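# Fold and geometry: a report
Here is how the chains run, residue by residue.
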Amino acid sequence: TMPCGNPTCRHRTKRKLRPLVISILPSSSSVTSSDDSPRKISRHEQITEMFTTNPSLSAHFEPPVFSPGVPSREIRNRLKLMEYANQAGLLPELEWQLICRALNEQLSPADDACGGGGDDDALCSEVTQDLSKLELSQESMAGKTQTVIDPFKYLVITTRVKPDNNCDETNATDATNNNKQKKKKVKKNEHETKSLIPISPNRRGAAEDISVPYSVELWRKSKTLNRDRSVFGCSLAHLIAMKTLIGDNYDESDDDLSSHEAKFDFILEDNVRAFVGLEDTDDGTSSSTCECACRIWDLIEASNRAQDKPHLRYYGWLGSKPNLTWLYNNHIPRKAFATETGEGNSRIFPFPTNNDFLLDSIDGTSSEPATSQPKKKDASKEDSSKQPSFSTPGGTAIWGMFAYTISPAAYHSLIAQLQNDVGMLMWKGKRMRAFQAKAIDKIIPRTVREVYGEMSVHLSDKVAFVRCPMLGSLLHKHWEEGFCESTELQYAFSSHGEGCNVWDNVWLEDVERQIVDYRKKNGKWIRKEDIQGNSSKSKSNGSARSRSQSPVNIVTLSLISMMLLVNTFASAFTTSMHKSQRKDSLQASTEAILPNSEERQRAKLGHVPIISRTIPIADEMNVTVWEMEKPSEIIQEWWSIDESERTSRVGDPFGVIMWPGSILASRELMKQQKYVSNATVLVLGAGTGVEAQAAALLGAKKVIATDINPLSLQLLEYGAQRIDTIGSEVVEAKYFDLFSSDPLPEHEILVAADTLYNAELANQVGHRLHEAIIRSFEDGQTPTKIIVTDSQKFHGTNFLEEQEMIDLNAIFQEGKWKPLEWELETLKNFCGSGVLIDDDQIYDVDVRVIRR
């Protein structure tokens, strides 16, 4: 390795360090180029640019290698969860082999490579197919994902246990003594799951949990995580990265960090920025110093000289402001065990524990949020989106696992414990409805300290990496400002300078530099998407601004008003001119009435807060619907309770927000506008009413929008009534249960967008489509027009595989009509509610569509 060219670098002859960076491939952020035109750059490119273009970093670091992140959406899928869990080293080898066998047989039934029958040992010995050789990507499983695939086929068997008939009856009400009414609980059908493989005697947990294989318990608990699914995905990503960091060449003699030579030196998250430092030169300019690498080597050398060998080493960490003050004023001076680290003068100290808090008479088990007002009953819910604030030290003293390394011995000890205790990854209290994931920055240091002692985790008071300012994280949105303030305080303590100067000494991209400049100028933090949004908005709305600069007089406004009034009266007076009047007023209504998507309005339906959302269907048409402002609460409750209680307690909660399939269904209606005009359109599971409004705007004579959730129907009606170009009698919000015996309302076009939540519901939707088409045959007409979309693509929801639909397609072929079949379309840059985290998410989504 060529030495560093900086003569003042105290580690200029050291080898280059090798970073391993955790990052999700699709992630990208917008930056501004030199000509002020926005371009997309992934976090991969940002991190690579940081390490390769800055001289002080490229001289000391190899180009980064990336470890895959784990998207929270993917681990809702049972197969993907098992795949990620195996990559993380969590699944026992036997379970993984049997999962491979089950998937191999069900994905390729013709091969039947392993056969059936035999005892457990024989089944294991016959398994030679590794899941990594199976094509489990969404693209390769096209056409197969609709089959119910059971990865636990050879792990467990589930049988239904019928209750005692005597338990099915309830005592009649005693009319003469109402105060002493007693009822027996109705015992419902139960399911019993038995393991087909031996259970490790080292498993920990409740008897019910450890009676099934590890992978089954992992899936049972993780599927209820809800908004904590992102935390669990982060933990899996770190475990995958640690497995790559340690590698396969594990030597028992490599019992600590000082003796281990790994392929990589440390793990980073892709939200970090490196210290480069600045020094003044003779010509009055500033140049970067080798601060990041020097801080790492200072910590390595001092840590390796310590009496207690390191097993976990932090190169970047944070804490709340009270905890940072306590750390630098109390804990570090008291516990620092290496203060002579060369010219760096950094202090090395052990990870603080609750016992360290007690030395200063601090209750380390909790940290009270700062407040000057008495706590309200629902204060936690009201303030959930605000920045957390702490007035006293305590709780978790150190935050973050964004820059660290771990020894092979500590890693294998950690995995051995995780493989026997799912409870280390997630937990649920007695009164909690859903499981919560434990953060990786709590799991790892606690486990290492328990095994190797309190002095086995080493940190430096001078970090080498910090979190980039105002990243725009969905997971930590309300913590971002606190992270920035803690970073500034940490720098002030460690460098004895102004905290805000920290940003002048770390590598930042252009947008982040703008954020820092705004902070210095205005004293406030601004989020990354705010800067990017203002930039893109100013460019995309340039033509709109130029139009708005022209004078708008009373005559112009009067003409627009007259057009809208004429259209409204005409829709009520006659339907013969319905199509032309709607078409003529469409552009005027879009620009003059509908609010811009960035100007969301708020209101209340009773006590339920709701918020508007304007959705671009096409260049010439938008629709504005109203959604529940915080859907995560009702959806979290729905996921966490027993299926038998969902209908009575929550109902169907998914219709309170807009889904991707409704946009494609609306666009399909636009393509078929000649059929929509003057037709009756029936919408099943209409939700907030995107496709219902679209059909009305396209000239439908009547739109019957059905749903089973009263709140969804209220949202739908509320939104439709506020569109001036939709007649008051055009859209009818109607309660309709797909599982009832009631026939479908009369219609010419049937739409079902994103209604296939599970196999049972999907089959019923298919049954209703079959009913609609057969009815049209009986009336002597061609098959009714049908539009079905599905963005979730859950297993077992392909109703086209049902026999009645197969028979129906046979009739289509005889009549030389196009058969019903799924087609895949990609909806780019979909923006919708995060469902479980209350914030919007923007992503590309593949949607399957049936159009007839």
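Residues numbered from 1 in each chain as written. Predicted model: local features only at pLDDT ≥ 70, side-chain atom pairs only at ≥ 80, totals over all residues. Heavy atoms only, no water.

### Considering helix H14 (residues 480–495)
- Compared with an ideal rise of 1.5 Å per residue, which puts 16 residues at 22 Å, H14 spans 23 Å between its outermost C-alpha atoms and is within 8% of the ideal.
- Burial in H14 covers these residues: Glu-480, Gly-482, Phe-483, Cys-484, Glu-485, Ser-486, Thr-487, Glu-488, Gln-490, Tyr-491 and Ser-494.
- Contacts made by the buried residues of H14 are with strand E11 (312–318), helix H9 (321–335), strand E13 (399–406), strand E17 (465–467) and helix H15 (510–522). (Helix = DSSP H or I, 4+ residues; strand = E, 2+ residues; numbered from the N terminus. Expected span 1.5 Å × (residues − 1). Buried < 20%, exposed > 50% of the residue type's maximum accessible area, 1.4 Å probe, protein only. Contact = heavy atoms within 4.5 Å.)

### Looking at empty space enclosed by the protein
- One pass over the structure, following the stated rule, counts 2 cavities of 30 Å³ or more.
- Reported here for the largest cavity is a volume of approximately 60 Å³.
- Lining the largest cavity are Phe-275, Arg-295, Tyr-328, Asp-461, Lys-462, Val-463, Val-466, Thr-487, Gln-490, Tyr-491, Ser-494 and Val-502.
- With 4 residues, the single largest contributor to the lining of the largest cavity is H14.
- Of the residues that constitute the lining of the largest cavity, the class distribution is 6 nonpolar, 3 polar and 3 charged. (1 Å grid on protein atoms, 1.4 Å probe; cavity = no way out; pocket = protein on both sides within 12 Å on 5 of 7 lines; lining within 4 Å. Points joined across faces, edges and corners; volume = space filled by probe spheres on them. Nonpolar A, V, L, I, M, F, W, Y, C, P; charged D, E, K, R; others polar.)

### Let's talk about the sheet that holds strand E18 (residues 602–605)
- Spatially, 3 strands are ordered E18-E19-E20 in an open sheet, and the strand pairing comes out antiparallel. With partners counted over all chains shown, the strands left at the sheet margins are E18 and strand E20 (621–628), one partner each. Each strand of the sheet is rotated relative to its neighbour by a mean of 40°, with strand direction disregarded.
- When E18 meets strand E19 (residues 608–618), the two strands line up antiparallel, connected through 4 bridges. What sits directly across from Lys-604, in E19, is Pro-609. (Pairing = 2+ DSSP bridges. Axes fitted to C-alpha atoms, helices over the stretch in contact; angles between N-to-C directions.)

### Focus: the nonpolar core
- The biggest cluster of nonpolar side chains holds 119 residues, and the ones touching the most others in it are Phe-232, Ile-296, Trp-317, Ile-406, Ile-444 and Phe-465.
- Residue contributions to this core peak at 10 residues, all from helix H7 (residues 229–246).
- If we skip the residues at most four places from it in the chain, Phe-232 touches Ile-75, Leu-81, Leu-218, Ser-222, Leu-225, Leu-425, Met-426 and Ala-437.
- Counting residues in each nonpolar core, the second largest holds 42 residues, with Met-621, Ala-696, Leu-698 and Val-847 among its members. (Core = buried A, V, L, I, M, F, W, Y, C linked by side-chain atoms within 4.5 Å.)

### Some thoughts on the environment of Gly-727
- Tracing the sequence through the fold places Gly-727 in the loop between helix H25 (710–721) and strand E23 (731–735).
- In the structure, Gly-727 is positioned 31 residues away from Ala-696 in sequence and 8.3 Å away in space, judged by C-alpha atoms.

### Side note on the side chain of Ser-791
- Relative to the elements of secondary structure, Ser-791 occurs in the loop between strand E25 (785–790) and helix H27 (803–814).
- For Ser-791, a relative accessible area of 3% translates into the label buried.
- Once you skip the residues sitting within four places of it in the chain, Ser-791 turns out to touch Pro-660, Gly-661, Asp-754, Val-845, Asp-846 and Val-847.

### Description of the sheet that holds E23
- With respect to topology, 7 strands assemble into an open sheet ordered E23-E22-E21-E24-E25-E27-E26, the strand pairing being mixed. Since the sheet does not close on itself, it has two edges, and those belong to E23 and strand E26 (823–833), each with one partner. Taking the axes of each pair of neighbouring strands and ignoring which way they run, one obtains an average angle of 20° across the sheet.
- Bridge count between strand E22 (residues 702–707) and E23: 5 bridges; the pairing is parallel. Looking at E23, one finds that Thr-706 is bridged to Lys-734.
- Sheet contacts for helix H22 (residues 660–671): strand E24 (749–753), E25, E26 and strand E27 (840–851); angle to E26, the most-contacted strand, approximately 120°.

### Focus on the pattern of salt bridges
- Counted under the stated rule, the structure contains 36 salt bridges.
- The partner of Asp-461 in a salt bridge is Arg-347, with the nearest N and O atoms 3.2 Å apart. With Asp-461 in the loop between strand E16 (457–460) and E17 and Arg-347 in the loop between H9 and strand E12 (348–350), the pair connects residues that are 114 residues apart, well separated along the chain.
- Residue classification places Asp-461 among the buried residues on the basis of a relative accessible area of 3%.
- Given the relative accessible area of 24%, Arg-347 is considered partly exposed.
- As a salt-bridge pair, Glu-627 and Arg-600 come within 3.3 Å of each other at their nearest N and O atoms. Of this pair, Glu-627 sits in strand E20 while Arg-600 sits in the loop between helix H19 (578–592) and E18, placing them 27 residues apart in sequence.
- Classification of Arg-600 as partly exposed rests on a relative accessible area of 26%. (Salt bridge = Lys/Arg side-chain N within 4 Å of Asp/Glu carboxyl O.)

### Some thoughts on the packing of helix H12 (residues 408–418) against helix H13 (residues 440–452)
- Closest axis-to-axis distance for the H12/H13 pair is 10 Å, and the angle between their directions is 105°. Considering their axes alone, H12 and H13 lie roughly perpendicular with respect to each other. Contacts from Ala-409, Ala-410, Ser-413, Leu-414, Gln-417 and Leu-418 in H12 reach Ile-443, Ile-444, Thr-447, Val-448, Val-451 and Tyr-452 in H13.
- Here the contact of H12 with H13 is composed, by residue class, of 9 nonpolar, 3 polar and no charged. (Parallel < 35°, antiparallel > 145°, perpendicular 65-115°, else oblique.)

### Re the environment of Arg-220
- By the element assignment, Arg-220 lies in helix H6 (residues 214–222).
- For Arg-220, a relative accessible area of 31% puts it in the partly exposed group.
- As a C-alpha pair, Arg-220 and Asp-209 span 11 residues in sequence and 9.2 Å in three-dimensional space.

### Let's talk about unusual backbone geometry
- A positive phi is found at Asp-754, a non-glycine position, where the angle reads about 50°.
- Within the fold, Asp-754 resides in the loop between E24 and helix H26 (759–778).
- On the basis of relative accessible area, Asp-754 is assigned to the buried category, the value being 4%.
- With a phi angle near 55°, Lys-793 is a residue other than glycine that sits in the positive phi range.
- Positionally, Lys-793 belongs in the loop between E25 and H27.
- Note on Lys-793: relative accessible area 14%, which makes it buried.

### Regarding the packing of helix H3 (residues 78–87) against H7
- At their nearest, the axes of H3 and H7 sit 8 Å apart, and the two run at 40° to each other. Between H3 and H7, the angle is such that the two are oblique. Here H3 contributes Leu-81, Tyr-84, Ala-85, Asn-86 and Gln-87 to the contact with H7, which in turn contributes Phe-232, Leu-236, Ile-240 and Lys-243.
- For the contact of H3 with H7, the class distribution of residues is 6 nonpolar, 2 polar and 1 charged.

### Overview of the pairing of E24
- Burial runs high along E24: 5 of the 5 residues are buried.
- Neither face of E24 is open: one carries Ile-749, Val-751 and Ala-753, the other Leu-750 and Ala-752, and all of them are buried.
- Two strands pair when backbone bridges link them, and strand E21 (residues 680–684) and E24 are joined in this way by 4 bridges, in the parallel orientation. The partner of Leu-682 across the bridge, within E24, is Leu-750.
- Between the parallel elements E24 and E25, the chain passes through H26 in a crossover that is right-handed. (Right-handed = clockwise from strand over helix to strand, strands pointing away.)

### Concerning the state of the cysteines
- Overall, the coordinates contain 0 disulfides when judged by the stated rule.
- Not engaged in a disulfide, the cysteine Cys-294 finds its nearest cysteine sulfur in Cys-9; these two sulfurs lie 3.8 Å apart.
- Note on Cys-294: relative accessible area 4%, which makes it buried. (Disulfide = S-S within 2.5 Å.)

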